[in-house]
Amino acid sequence: MPLFFVKGWILVSTWASLVGWSLSLSGHFNQAGYAWSLIFLVFALALLVGKTKSLRSKTSFHPLRYLKRFRENPSNPSSWLPLLFVFVAFLTLAGGILYSPSNYDSLSYRLPRILHWLDAGHWHWINTPNTRQNYSAPGFEWLMAPLFVFFKTDRLFFLINWMSFLVLPSLVFRTFRLAGLPAITCWWWMWLFPLGYGYALQAGGVGNDAFAAIYALASVCFVLSADPKERFSDFVWAILAAALLTGTKGSNLPLALPWLIAMFLRYQVWVPRMPKLIPWVAITLMISFIPTATLNHKYTGSWSGDPSNHGKMNLSNPAAGLLGNTLMLGYYNLQPPLLLSPAKTNSFATFLLPSEVKSWLLVRFPRFEFKMGEIPMEESAGLGLPLLVCLALWICRGRQSPASFSVVQTQAWFLLGIAGFISLLFFMAKMGSESTARLLLPYYPFVLLLPLGFWSLPSAQARKLAPLFTLLCSTSLVGLVLSPARPLFPVQKLLTLMSDAPRFSRVRDVYQTYKERDNCWDPILTILPPDNKTLGFFSNGDDLEAPLWKPFGLRRILSTDEKNITMSDLPSAGAWLARRPIAEFLQSYPEWQLRWREAGTQSITQKASVGGEEWALFLPR
């Protein structure tokens, strides 16, 4: 797929971020504001198409030449890899169409923050115990917002990831080739890389990790493809991509280093023409992490938005971060396509850790854990075991670069690979999350540059390994077809037939929880009077808020911290939801008893690992 589509995607992403912040500042964050802003997007896309046609006439460019990447040789067994990618793309599209979003982070804080902003007509610091609604970078949300504003549904959000997935092979090929890797290496890995578990599983969902790999690759690709004349504007696209990368997630900030190295490599091209790039600085600042960091500092005193480290993500001990993240990264990337006894495997892996190391890590890395599931899940998947095996085979069967180290260290792939590795180390030293393998999805392309640069696989060997590569990568279909979020196989009916088998009880619970996640509150919301417009919600800071807003536009949600309840500071609401222990605590207050009555209770399951929790609904007396 030509880079025109990558530029178009960067343009749409830039428009979404600029419009989101601009409409918020002006107080017109609504459908009318977005309708007017679409005029500017259409105009910009028309200019891009016109410029692309002009460049095509000068360079004899034709899109059909990109089809050759699907078939280096029709008789070559490696042609199965492109077909496998197309099949995976079809399955992810089917899953996205058939199922509502069930990503927990999206339903707990990413979609709710959009609903709060639309309700107020502008961005604002939300009064909520779920602080991620405020301090997290909103790049993905700015892309979600126009889809929601015009179509009033969350069913289209998956298209953001799916469209990014489609351009990934071409962008991998182009970036690796410009970095100096052999064309045959680029061709193989343009198909192998997107079939990694994390990328394939997120392609049909609403996770905001894998799609950022497009920005990471584009930020380097366009720098390397720029020239002083026709393609000098590629520097602008690279700068926009780097800004969008950081504006998507704060954890992507270290990935600015490969972009900086690429800019350094091409400094002789852009430094004499720097005045042409200066006007774009204001735009890049608005679509980057800087607005979020500024607002975080204003409201919390810290650019991260979590000065007290409430989320326990910021590590003060780099050694613990490097060790813990290395162990978890290795463990989660060894996830097989199907694991029958994950609990025993996790327990055994934990047992293998020396008790002293385990105790030391848990103090300095509170979120450290080994928690592998039966199948790869989009919430935790990284590259995946099959892709690591492909890489190992590539190195074992390949031949090492004959160039001396003095020559190698001047190659772009080597410098970019070192930059990617340094970015990875910085992330691991500072970030303490149990989802390391998933959060690093934008990092993997640059880490792969080093082994792929040092080892190349002869064409004859590659053709011999093609069936094995295809078989290994096809294991991603297991996770896609059996995914509890978007099953493409009648797993529920099969589990019903085995209802008496206790060993499948957890599997049944997981599938049932994902199936009902987007409407998990319906049993208790049926008690709520239809004319109620404001629902109060005692939250622990990690509850599913988005389903409470459904049907969208019917009511607004006011959440308050269940751990710090004061009667005098409660917002005015027409009804209240609370867990049973909190409900009993509230009823100990005379003023609460005078004003509110318990209208009903229901067991609500938000997480399969937690199970059902009893919630009470309170209505005015």
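None of the values given here were measured: they were computed from a predicted structure.

## Details of the overall build of the protein chain
In step 1: Looking only at helices and strands, the protein chain features 30 helices and seven strands.
In step 2: Referenced to the eigenvectors of the C-alpha coordinate spread, the extents of the protein chain come out at roughly 80 × 55 × 45 Å.
In step 3: Taken across its 621 residues, the protein chain has 53% of its residues classed as buried.
In step 4: Sequence-distant contacts in the protein chain: of pairs separated by 6 or more residues, those separated by 24 or more amount to 76%.
In step 5: A distance of 14 Å separates the average location of the 53 positive side-chain charges in the protein chain from that of its 33 negative side-chain charges.

## Points about the confidence of the model for the protein chain
In step 1: Per-residue confidence for the protein chain gives a mean pLDDT of 88, with 93% of residues at or over 70.
In step 2: Contacts from residues 57-61, a stretch scored under 50 in pLDDT, to residues over four places away or in other chains number four contacts.
In step 3: Predicted confidence for residues 72-77 stays below pLDDT 50, and this span has six contacts to residues more than four positions away or in other chains.

## Points about the side chain of Thr-470
In step 1: The topology assignment puts Thr-470 in helix H24 (residues 459-473).
In step 2: If sequence neighbours within four positions are ignored, Thr-470 has contacts with Trp-80, Leu-81 and Leu-84.

## Here's the deal with the sheet that holds strand E7 (residues 612-620)
Where strands meet in a sheet, backbone hydrogen bonds hold them as pairs that are either parallel or antiparallel.
In step 1: Spatial strand order, E4-E3-E5-E7-E6: five strands in an open sheet with mixed pairing. The open sheet has two edge strands with one neighbour each: strand E4 (556-561) and strand E6 (596-605). Across the sheet, the mean angle separating the axes of adjacent strands is 25° when strand polarity is ignored.
In step 2: For strand E5 (residues 575-579) and E7, the ladder comprises four bridges, and the chain directions are antiparallel.

## Focus: the environment of His-28
In step 1: Along the chain, His-28 turns up in the loop between helix H1 (3-26) and helix H2 (31-59).
In step 2: Looking at His-28, the relative accessible area reads 44%, which means it is partly exposed.
In step 3: Contacts of His-28, omitting those with residues within four sequence positions, involve Leu-23, Gly-33 and Gly-121.

## Side note on the environment of Val-408
In step 1: Within the secondary structure layout, Val-408 lies in helix H20 (residues 405-408).
In step 2: Using a relative accessible area of 3% as the deciding quantity, one classes Val-408 as buried.
In step 3: Note: C-alpha distance between Val-408 and Ala-241 (167 residues apart in sequence) is 28 Å.

## Quick notes on the packing of helix H3 (residues 80-98) against helix H8 (residues 183-192)
In step 1: Remark: H3 packs on H8, axes separated minimally by 9 Å, with the N-to-C direction vectors making an angle of 25°. As judged from the angle between their axes, H3 and H8 are roughly parallel. Every pair of crossing elements has a handedness; the one defined by H3 and H8 is left-handed. Facing Leu-81, Pro-82 and Phe-85 of H3, the residues of H8 in contact are Trp-187, Trp-188, Trp-191 and Leu-192.
In step 2: Taken together, the residues of the contact of H3 with H8 break down into seven nonpolar, no polar and no charged.

## A word on a nonpolar patch on the surface
In step 1: Taken together, the side chains of Phe-264, Leu-265, Tyr-267, Val-271, Met-274, Ile-278, Val-281, Leu-285 and Ile-290 make up a nonpolar region of the molecular surface, amounting to roughly 770 Å² of accessible area.
In step 2: Those elements that provide at least two residues to the nonpolar patch are helix H12 (256-265) and helix H14 (281-287).
In step 3: Relative to the helices and strands, Leu-285 is located in helix H14.
In step 4: The partly exposed category is assigned to Leu-285, whose relative accessible area is 39%.

## Notes on the side chain of Lys-249
In step 1: Tracing the backbone shows Lys-249 in the loop between helix H11 (234-248) and H12.
In step 2: Here Asp-209 takes part through its side chain, which lies 2.4 Å from a polar atom of the side chain of Lys-249.
In step 3: For Lys-249, the contacting residues outside a window of four places in its chain are Ala-137, Asn-208, Asp-209, Arg-438 and Leu-439.

## Here we look at the pairing of E6
In step 1: Looking at chain direction, E6 and E7 are connected through nine bridges and run antiparallel. Paired with Glu-598 across the strands is Phe-618, a residue of E7.
In step 2: In this structure, the hairpin formed by E6 and E7 is closed by a connection of six residues, where Gly-611 is found at a positive phi of approximately 85°.

## Brief notes about the nonpolar core
In step 1: Counting residues in each nonpolar core, the largest one holds 166 residues, and the members touching the most others are Trp-189, Tyr-199 and Trp-521.
In step 2: A total of 12 residues in this core trace back to one element, the largest contributor, which is helix H10 (residues 212-225).
In step 3: Dropping the residues within four chain positions of it, Trp-189 is found in contact with Val-172, Phe-176, Pro-194, Leu-387, Cys-390, Leu-391, Trp-394, Leu-448 and Leu-452.

## A word on H11
In step 1: Spanning 15 residues, H11 covers 21 Å between terminal C-alpha atoms, matching the ideal 21 Å at 1.5 Å per step.
In step 2: Of all 15 residues making up H11, 15 are buried, and the element is well covered by its neighbours.

## Some thoughts on the pattern of salt bridges
In step 1: Within the structure shown, the criterion is met by 19 salt bridges.
In step 2: We note a salt bridge from Lys-7 to Asp-234, for which the minimum N-O separation is 3.1 Å. Here Lys-7 is found in helix H1, whereas its partner Asp-234 is found in helix H11, with 227 residues between them in sequence. Comparing Lys-7 with Asp-234 shows no difference in burial state: the two are buried.
In step 3: A salt bridge links Lys-550 to Asp-154; the nearest nitrogen and oxygen atoms lie 3.7 Å apart. Here Lys-550, found in the loop between strand E3 (534-539) and E4, pairs with Asp-154, found in the loop between helix H6 (139-151) and helix H7 (158-178); they are 396 residues apart in sequence, far enough to count as distant.

## A few points about unusual backbone geometry
Excluding glycine, residues mostly have negative phi values, and the peptide bonds linking residues are mostly trans.
In step 1: Each neighbour pair has its own omega, and for Lys-550 with Pro-551 the value is -10°, a cis peptide bond.
In step 2: With respect to the helices and strands, Pro-551 occurs in the loop between E3 and E4.
In step 3: The phi angle at Lys-152 is positive, at roughly 55°, despite the residue not being glycine.
In step 4: Position of Lys-152 among the secondary structure elements: in the loop between H6 and H7.
In step 5: Unlike most non-glycine residues, Lys-312 shows phi in positive territory, near 55°.
In step 6: Relative to the helices and strands, Lys-312 resides in the loop between helix H15 (290-300) and helix H16 (318-332).
In step 7: Taking the relative accessible area as the measure of exposure, Lys-312 reaches 47% and is therefore partly exposed.

Procedures and definitions
Residues numbered from 1 in each chain as written. Predicted model: local features only at pLDDT ≥ 70, side-chain atom pairs only at ≥ 80, totals over all residues. Heavy atoms only, no water. Helix = DSSP H or I, 4+ residues; strand = E, 2+ residues; numbered from the N terminus. Buried < 20%, exposed > 50% of the residue type's maximum accessible area, 1.4 Å probe, protein only. Contact = heavy atoms within 4.5 Å. Lys, Arg positive; Asp, Glu negative; His and termini not counted. Charge placed at Lys NZ, Arg CZ, Asp CG, Glu CD. pLDDT = per-residue confidence, 0-100. Pairing = 2+ DSSP bridges. Axes fitted to C-alpha atoms, helices over the stretch in contact; angles between N-to-C directions. Parallel < 35°, antiparallel > 145°, perpendicular 65-115°, else oblique. Left-handed = near helix turned anticlockwise from the far one by under 90°. Nonpolar A, V, L, I, M, F, W, Y, C, P; charged D, E, K, R; others polar. Patch = residues over 30% accessible without salt bridge, like charges linked within 9 Å, V, L, I, M, F, W, Y side chains within 5 Å. Areas by Shrake-Rupley, 256 points an atom, 1.4 Å probe, with all protein chains shown as cover. Salt bridge = Lys/Arg side-chain N within 4 Å of Asp/Glu carboxyl O. Polar contact = N/O pair within 3.5 Å; in protein donor to acceptor, adjacent residues only side chain to side chain. Core = buried A, V, L, I, M, F, W, Y, C linked by side-chain atoms within 4.5 Å. Expected span 1.5 Å × (residues − 1).

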